[in-house]
Amino acid sequence: MSAATKDRLKPVKSILVSQPKPHNVNSPYFQLAEKYNLKVDFRQFIKVEPVPPKEFRKQKIDILKHTAVIFTSRNAIDHFFNICKEFKIEMPADMKYFCISDQTAHYLQKYIVIRKRKLFVGQKTAQDLFDYFKKHKNEKYLFPCSDIRKNDIPDYMEKNGIDFTEAIIYHTVADDLSDLSDVKYDILAFFSPSGLKSLKVNFPDFEQGATRIAAFGPTTANEVRELGLILDIEAPLPNAPSMTGALELYIKKANNL
């Protein structure tokens, strides 16, 4: 085994997860930390900032000219209804809502009374909604989102000639990570390209060295490579559909377990 390969398989004692700390005490991350005696810390690498009303107005979007709204996150829901409040817009009772998951649909109830025949819910991914879009292709869709978002929904709408308006209602920006400047971890776990961009914004001279990088999803993995970094752990895997599962497989190998 070469020295470089050995570096990539040094025993793992600490992990930094670039997400907020889970509220669930039974989180797989806590179980992983206990099982392998690891230090697992959590830190959000990105934050969201609302688009100011003046900036939203420049997009010249008439919300009430749409008959359906697509939500892919809680952030989108919060910022969308804040915009509605700012402009004194009340959502009509016949508006349809397409939510990416049960969790997103449940969160929507914070703002509106849900009518089942007006609600369409996916399992977890945007692709889950495509059949609904196809069945309701005559709707005028509004997609409230960040300035950084995946292309899957816009690409599908354009390809299928479905009336669709994208509304930028919040910005995804790098959080201040200056307090981590002297902290080292064996593994950094990322879940989005914007998280990796935040790493480079905060630490432009970042040298990976023996630090292992884990990435969830193909776009995140591609960003690791685009930045010239080494991708050590890629999730999901056929035998490990979650980040924690992929981390565990790697830890077993690196720690000779």
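What counts and what doesn't
Residues numbered from 1 in each chain as written. Predicted model: local features only at pLDDT ≥ 70, side-chain atom pairs only at ≥ 80, totals over all residues. Heavy atoms only, no water. Core = buried A, V, L, I, M, F, W, Y, C linked by side-chain atoms within 4.5 Å. Buried < 20%, exposed > 50% of the residue type's maximum accessible area, 1.4 Å probe, protein only. Helix = DSSP H or I, 4+ residues; strand = E, 2+ residues; numbered from the N terminus. Contact = heavy atoms within 4.5 Å. Polar contact = N/O pair within 3.5 Å; in protein donor to acceptor, adjacent residues only side chain to side chain. Arc of directions from axis to C-beta. Pairing = 2+ DSSP bridges. Right-handed = clockwise from strand over helix to strand, strands pointing away. Axes fitted to C-alpha atoms, helices over the stretch in contact; angles between N-to-C directions.

Draft legend 1. Structural context of the nonpolar core. The biggest cluster of nonpolar side chains holds 41 residues, and the ones touching the most others in it are Ile 70, Phe 71, Phe 80, Met 91, Tyr 97, Leu 108 and Phe 133. At six residues, the largest contribution of residues to this core is made by helix 4 (residues 74-86). Every residue in contact with Phe 80, bar those within four places of it in the chain, is listed here: Ile 63, Val 69, Phe 71, Met 91, Leu 142, Pro 144 and Ile 169. Ranked by size, the runner-up nonpolar core spans 22 residues in total, among them Val 12, Ile 187, Met 243 and Leu 247.

Draft legend 2. Focus on the side chain of Glu 248. Residue position: Glu 248 is located in helix 10 (residues 243-254). Among the polar contacts listed, one links the side chain of Glu 248 to the side chain of Lys 35, at a separation of 2.8 Å. Beyond its immediate sequence surroundings of up to four residues, Glu 248 is in contact with Leu 32, Lys 35 and Tyr 36.

Draft legend 3. Examining helix 2 (residues 28-36) more closely. Taken as a whole, helix 2 has its buried residues at Tyr 29, Leu 32, Ala 33 and Tyr 36. In an axial view of helix 2, the angular spread of the buried residues amounts to 100°, which keeps them on one side of the axis. Along helix 2, the residues that are exposed and aim more than 90 degrees away from the buried face are Glu 34 and Lys 35. Considering only its buried residues, helix 2 is in contact with strand 1 (14-17), strand 2 (39-42) and helix 10. Residue Asn 37 follows helix 2 closely and has a positive phi angle near 55°.

Draft legend 4. Layout of unusual backbone geometry. A cis amide bond links Ala 235 with the next residue in sequence, Pro 236, at an omega value of -5°. Summarising the element assignment, Pro 236 is placed in the loop between strand 11 (233-235) and helix 10. Positive phi, close to 55°, is recorded for Asn 37, a residue that is not glycine. For Asn 37, the position within the fold is in the loop between helix 2 and strand 2. Positioned with a positive phi, Lys 60 is a non-glycine residue whose angle comes to about 55°.

Draft legend 5. Expanded view of the pairing of strand 4 (residues 68-71). The two faces of strand 4 match: Ala 68 and Ile 70 on one face and Val 69 and Phe 71 on the other face are all buried. Where strand 4 and strand 5 (residues 96-99) come together, four bridges link them in parallel fashion. The partner of Ile 70 across the bridge, within strand 5, is Phe 98. For the crossover that starts at strand 4, traverses helix 4 and ends in the parallel strand 5, the hand is right-handed. The pairing of strand 4 with strand 7 (residues 141-146) spans two bridges and is parallel. Within strand 7, the residue paired with Val 69 across the bridge is Leu 142.

Draft legend 6. The sheet that holds strand 5, seen in detail. Spatial ordering of the open sheet is given by 3-8-7-4-5-6, a layout of six strands whose pairing is mixed. Each end of this open sheet is capped by a strand with a single partner; those strands are strand 3 (46-50) and strand 6 (119-121). If you compare each strand with its neighbour and ignore which way they point, the axes differ by 25° on average. In this structure, strand 7 lies alongside strand 8 (residues 164-174), joined through six bridges in parallel fashion. Bridging across to strand 8, Phe 143 finds its partner in Glu 166. The strands that helix 4 touches are strand 3, strand 4, strand 7 and strand 8; relative to strand 8, the one it contacts most, it runs at about 110°. Against the sheet, helix 8 (residues 193-202) makes contact with strand 3 and strand 8, and its axis sits at roughly 35° relative to strand 8, the strand it touches most.

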